[in-house]
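Inside the fold
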Amino acid sequence: MTIRSSLCYYKLNYVLNMVHIYTILSTMDSLNGSKINHLLKSWPRGTVAVQSWLTQQGIYRQLSDVYRKSAWLEHIGNGAFKISGDNVDWTGGVWALQQQLSLRVHVGAKTSLELQGFGHFLPLGKGAQVWLFGAPGVRLPLWFSKYAWTDTVRYTTADLFGKEEKLGLEPRNMGTYSITISATERAILEALHLVPGQGSFEGTFHLMEGLTSLRPELLQMLLMQCRSIKVKRLFMYMADKCNHPWVSKLDLSKVNLGKGKRRVIKGGRFDSKYQITVPR
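The structure presented is a predicted model; accordingly, all values stated were derived computationally and were not measured.

**A closer look at the pairing of strand 3 (residues 80–83)**
- The alternating pattern of strand 3 places Ala80 and Lys82 on one face and Phe81 and Ile83 on the opposite face, and all of these are buried.
- As paired elements, strand 1 (residues 49–50) and strand 3 share 2 bridges and run antiparallel to each other. Its bridge partner being in strand 3, valine 50 is matched across the sheet by alanine 80.
- Both strand 2 (residues 73–77) and strand 3 contribute to a ladder of 4 bridges, which runs antiparallel. The partner of histidine 75 across the bridge, within strand 3, is phenylalanine 81.
- Between strand 2 and strand 3, which pair antiparallel one after the other, the connecting turn spans 2 residues, and glycine 79 there sits at a positive phi close to 75°.

The following block contains the structure:
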């Protein structure tokens, strides 16, 4: 082989290699492009995505970093992302907790009532206090608890209903996604669970006044399963005061109201019927 033919051979080989490399890179770009397009289609707007869910979509950690550096994604915490420029609030974070991480966490108490249109005199806008309830032992991931949500998120664990922990939970449509919240009947019991330490007696009573159409069948089951004597006595005290029509449909002979006195409000007056102290 002559020198000229050798040079031609190496030039041809170089060109072929470059074409091969270009083809590979183009294919990778195409695959990555199709992945990000698929991701954006399957990712509900206004929600958070965690890395474990992204991995299930074929977006491994290295590719997540590429998308973040390419301004497709934004970090909101360790292992959690949002679509760049997307407006995400705490409900979008709760969606990830429930749908992607399968945590036994739901929106409860006054927050659930507010989402359903009750308690309109209470703020559910910028700076509002949001209540999340979790099963005993369930901890929120740091990306959720450390993130600067517009509203103040309060989290508590409670074992109010024992083995029937899903009783009275229902989906709430938030537009592009839905989250699990307490039904009205369960939410008012959760609100009473927070009284008096983390919730006001007077504010909860005002909420009760607006609950004219509770479902007695569901309420009966919740009261029978509820493990808090304080909550059940407070509920019945307020229900009697409000004189709602559904009260007469409850069978209290099947509800354990416990024995003995309970001091709920320090320095309050004693109600002999339910044996609790209430505001004077």
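Read on, since the account is not over.
**Some details on the packing of aromatic side chains**
- Following the criterion strictly, the structure yields 6 aromatic pairs and no others.
- Between tryptophan 43 and tryptophan 53 the ring centres are 6.2 Å apart and the planes differ by 70°, which places this aromatic pair in the edge-to-face class. Of this pair, tryptophan 43 sits in the loop between helix 1 (3–42) and strand 1 while tryptophan 53 sits in helix 2 (residues 51–56), and the two are 10 residues apart along the sequence.
- Aromatic pair tryptophan 143 and phenylalanine 144: ring centres 5.8 Å apart, planes at 75°, arrangement edge-to-face. Neither tryptophan 143 nor phenylalanine 144 differs from the other in exposure class; each is buried.
- In this structure an aromatic cluster arises from ring pairing among Trp143, Phe144, Tyr147 and Trp149.
- Lysine 261 extends its terminal NZ or CZ atom over the ring of phenylalanine 270, reaching a point 5.2 Å from the ring centre.

**Quick word on helix 10 (residues 229–242)**
- The end-to-end C-alpha distance of helix 10, which contains 14 residues, comes to 20 Å, matching closely the 20 Å that a straight helix rising 1.5 Å per residue would cover.
- Buried residues dominate helix 10, accounting for 11 of its 14 residues.
- Of the residues flanking the end of helix 10, it is asparagine 243, one or two places downstream, whose phi is positive at about 55°.

**A word on the environment of lysine 259**
- With respect to the helices, strands and loops of the structure, lysine 259 is situated in the loop between helix 10 and strand 9 (269–271).
- For lysine 259, a relative accessible area of 76% puts it in the exposed group.
- Note: C-alpha distance between lysine 259 and tyrosine 274 (15 residues apart in sequence) is 9.6 Å.

**Quick look at the confidence of the model for the protein**
- Put simply, the protein has an average pLDDT of 88, and 85% of its residues get 70 or more.
- Note that residues 7–12 has pLDDT below 50 and, in this model, 0 contacts with residues that lie over four places away or in other chains.
- Here residues 14–31 is modelled with pLDDT under 50, and outside its nearest four sequence neighbours on either side it reaches 0 contacts, counting other chains as well.

**Some details on the environment of methionine 208**
- For methionine 208, the location among the structural elements is in helix 8 (residues 201–209).
- The sequence separation of methionine 208 and isoleucine 188 amounts to 20 residues, and the corresponding C-alpha distance is 7.3 Å.

**Comments concerning the nonpolar core**
- Counting residues in each nonpolar core, the largest one holds 44 residues, and the members touching the most others are Ile188, Leu189, Phe201, Met208, Leu223, Phe235 and Trp246.
- Elements with a contribution of two residues or more to this core: helix 5 (109–115), strand 5 (129–134), helix 7 (184–193), helix 8, helix 9 (216–225), helix 10 and strand 10 (276–278).
- In terms of residue count, helix 10 provides more of this core than any other element does, 8 residues in total.
- Aside from chain neighbours lying at most four places away, what touches leucine 223 is Leu189, Lys232, Phe235, Met236, Leu250 and Val255.
- Leu39, Leu63, Val138 and Trp149 belong to the second largest nonpolar core, which has 37 residues in total.

**Overview of the packing of helix 7 against helix 10**
- Interhelical geometry of helix 7 versus helix 10 gives an angle of 115° and a closest axis separation of 9 Å. With respect to their mutual orientation, helix 7 and helix 10 come out roughly perpendicular. The handedness of the crossing between helix 7 and helix 10 comes out as right-handed. Of the residues in helix 10, those touching helix 7 at Ile188, Leu189, Leu192 and His193 are Lys230, Val231, Leu234, Phe235 and Met238.
- Within the contact of helix 7 with helix 10, the residues separate by chemical class into 7 nonpolar, 1 polar and 1 charged.

Rules used throughout
- Residues numbered from 1 in each chain as written.
- Predicted model: local features only at pLDDT ≥ 70, side-chain atom pairs only at ≥ 80, totals over all residues.
- Heavy atoms only, no water.
- Buried < 20%, exposed > 50% of the residue type's maximum accessible area, 1.4 Å probe, protein only.
- Helix = DSSP H or I, 4+ residues; strand = E, 2+ residues; numbered from the N terminus.
- Pairing = 2+ DSSP bridges.
- Phe/Tyr/Trp six-rings, centres within 6.5 Å; stacked < 30°, edge-to-face > 60°.
- Lys NZ or Arg CZ within 6 Å of the ring centre and 35° of its normal.
- Expected span 1.5 Å × (residues − 1).
- pLDDT = per-residue confidence, 0-100.
- Contact = heavy atoms within 4.5 Å.
- Core = buried A, V, L, I, M, F, W, Y, C linked by side-chain atoms within 4.5 Å.
- Axes fitted to C-alpha atoms, helices over the stretch in contact; angles between N-to-C directions.
- Parallel < 35°, antiparallel > 145°, perpendicular 65-115°, else oblique.
- Left-handed = near helix turned anticlockwise from the far one by under 90°.
- Nonpolar A, V, L, I, M, F, W, Y, C, P; charged D, E, K, R; others polar.

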